[in-house]
There are 2 protein chains.
Amino acid sequence: MGAHAIDELLRYAPDKILHIYTVRSKQSDLLTACEKKRIPITYVSADQLTKMAGSDSHQSFLAHIKPRHYFDVSEFVEQAEETSFVLMLDQIFDPQNFGALIRSAECFGASAVAWSKNRGADLTPSAAKTSCGASELIPLIRISNLATAVDQFKDAGYEIVAALLDDKATSAYKFTYAPKTVLIMGSEGEGIQPLLRKKADRAIYLPMAGKIQSLNVAQAASALLALKVCMENRKR
Amino acid sequence: MGAHAIDELLRYAPDKILHIYTVRSKQSDLLTACEKKRIPITYVSADQLTKMAGSDSHQSFLAHIKPRHYFDVSEFVEQAEETSFVLMLDQIFDPQNFGALIRSAECFGASAVAWSKNRGADLTPSAAKTSCGASELIPLIRISNLATAVDQFKDAGYEIVAALLDDKATSAYKFTYAPKTVLIMGSEGEGIQPLLRKKADRAIYLPMAGKIQSLNVAQAASALLALKVCMENRKR
């Protein structure tokens, strides 16, 4: 749902849109673009749209999209390139944070986002909206058990990095990632579950210059992903 | 308002808290800490608290704080150090984005945040909550006219940098900031007003690896501020 999310999808993956539902009877750029791509449009009442979206934040636009393909870990690692970076989310319960994290991952060129619907938010229309359509553009790994998934990634040669404040954690301004990496981020309140922390090969943290020691997880992810690119540029 | 925001303030600037209003009758760590610091606590109904905060997102806690000191530009530049970095916000209308930007600025050690209440959100309880208390910890420059303010900063030796996608913009992965800088960021939808763009000495942009070309402004700010630190470390 959401005009901006649908607009991005229309631009980069129009084939994924099967049908548009909207309350507008007047023309808009979005609808004109849909008509050009021959995507069927159905006009419904605002109440109906809210019911269909399960939220009233639809901004008058809802898209019926092709079923998403969710990778499992073995399928993903088989087709992964030599350089592969997976953002794994643990205990992210807020759908807006969840969507924002997917957006950051897509923008900074991560290979995939992995999460467990048993330990946090799932990909709801609200999360997809906040992701600005990124949820349909980046490979998604939706798993039931994150600990098992971490073991599978390890077996496939991935290094597991946990983002946390810890004595042994390395500053993000000095951290060099392995070519195949899973970066685990947890929520501000809950952090990363102890079992996953134990399984991590290394830990990374974002040094803070101010007094407040933690950013919102989506802002922290943007900073970490930007710094990853910065450090890789430096190596060259 | 908000437990986490008040908690941060209690930790780093308890003197700023004059009074706590809460609906809880049971003890909480936050209230125990307030009692230790001899901050008066008044119990009110949830409805009263919502009315006082002007929002129902208060999480049962509202603090009456000392009046904020708002700098004007001339006062700020007079007391500024030789290295000074001001984040200027233009047309940020969403109070949550506004609060998140203040939080990023504080976390990455910016010298101040500047904005005009005539061209965007103002520092409401909602914005202060999202800032996690950072709004009381970082110097604030609240001005009526941003263009005049930009001229004043220029006269005081600041370089003005606009964050925007522009042919002449420099990649954030290559950008070196002057010791005294004002970085202007605009909203995702509106961007930076043309007059401010014209007044900017240079432009900076955040290259995106994915298909979606823009992050949420608060996420973009985190990335830019982290990259600023990364580039400064590189110079050393």
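For the structure, see preceding data.
Residues numbered from 1 in each chain as written. Chains lettered and ligands numbered in written order. Predicted model: local features only at pLDDT ≥ 70, side-chain atom pairs only at ≥ 80, totals over all residues. Heavy atoms only, no water.

Student: I'd like a rundown of the sheet that holds strand β3 (residues 61-65) of chain A, residues and numbers included.
Tutor: In sheet architecture, strand pairing relies on hydrogen bonds along the backbone and comes in two forms, parallel and antiparallel. Residues and elements named next belong to chain A. Across the sheet, three strands lie side by side as β2-β1-β3; this open sheet has mixed pairing. Of all the strands in the sheet, the pair left with one neighbour each is β2 (41-43) and β3. Between one strand and the next, the sheet's axes are offset by a mean angle of 20 degrees, whatever the strand orientation. Across three bridges, the pairing between strand β1 (residues 17-22) and β2 is parallel. Each bridged residue has a counterpart across the sheet, and for Tyr21 the counterpart in β2 is Thr42. On top of the sheet, helix α1 (residues 3-12) reaches β1 and β3; it is set at about 40 degrees to β3, its chief contact. Running at roughly 135 degrees to β2, helix α2 (residues 29-36) makes contact with β1, β2 and β3 of the sheet. (Pairing = 2+ DSSP bridges. Helix = DSSP H or I, 4+ residues; strand = E, 2+ residues; numbered from the N terminus. Axes fitted to C-alpha atoms, helices over the stretch in contact; angles between N-to-C directions. Contact = heavy atoms within 4.5 Å.)

Student: Run through the relation of the copies chain A and chain B, naming residues and quoting values.
Tutor: Mapping chain A onto chain B calls for a rotation angle of 180 degrees and an axial translation of 0.0 Å; the resulting RMSD is 0.0 Å. A rotation of that kind, with that shift, is consistent with a two-fold axis. By residue overlap, the copies meet face to face through one surface: 100% of the interface positions of chain A are interface positions in chain B. (Least-squares fit on C-alpha atoms with pLDDT ≥ 70 in both.)

Student: Break down unusual backbone geometry for me, citing the residues and quoting the values.
Tutor: All names here are of chain A. Positioned with a positive phi, Gln59 is a non-glycine residue whose angle comes to about 55 degrees. Of note, Gln59 is situated in the loop between α3 (46-53) and β3. Of the residues examined, Gln59 reaches a relative accessible area of 41% and is grouped as partly exposed. Non-glycine residue Ser60 carries a positive phi angle of around 75 degrees. Positionally, Ser60 belongs in the loop between α3 and β3. Residue Ser60 is classed as buried on the basis of its relative accessible area of 14%. (Buried < 20%, exposed > 50% of the residue type's maximum accessible area, 1.4 Å probe, protein only.)

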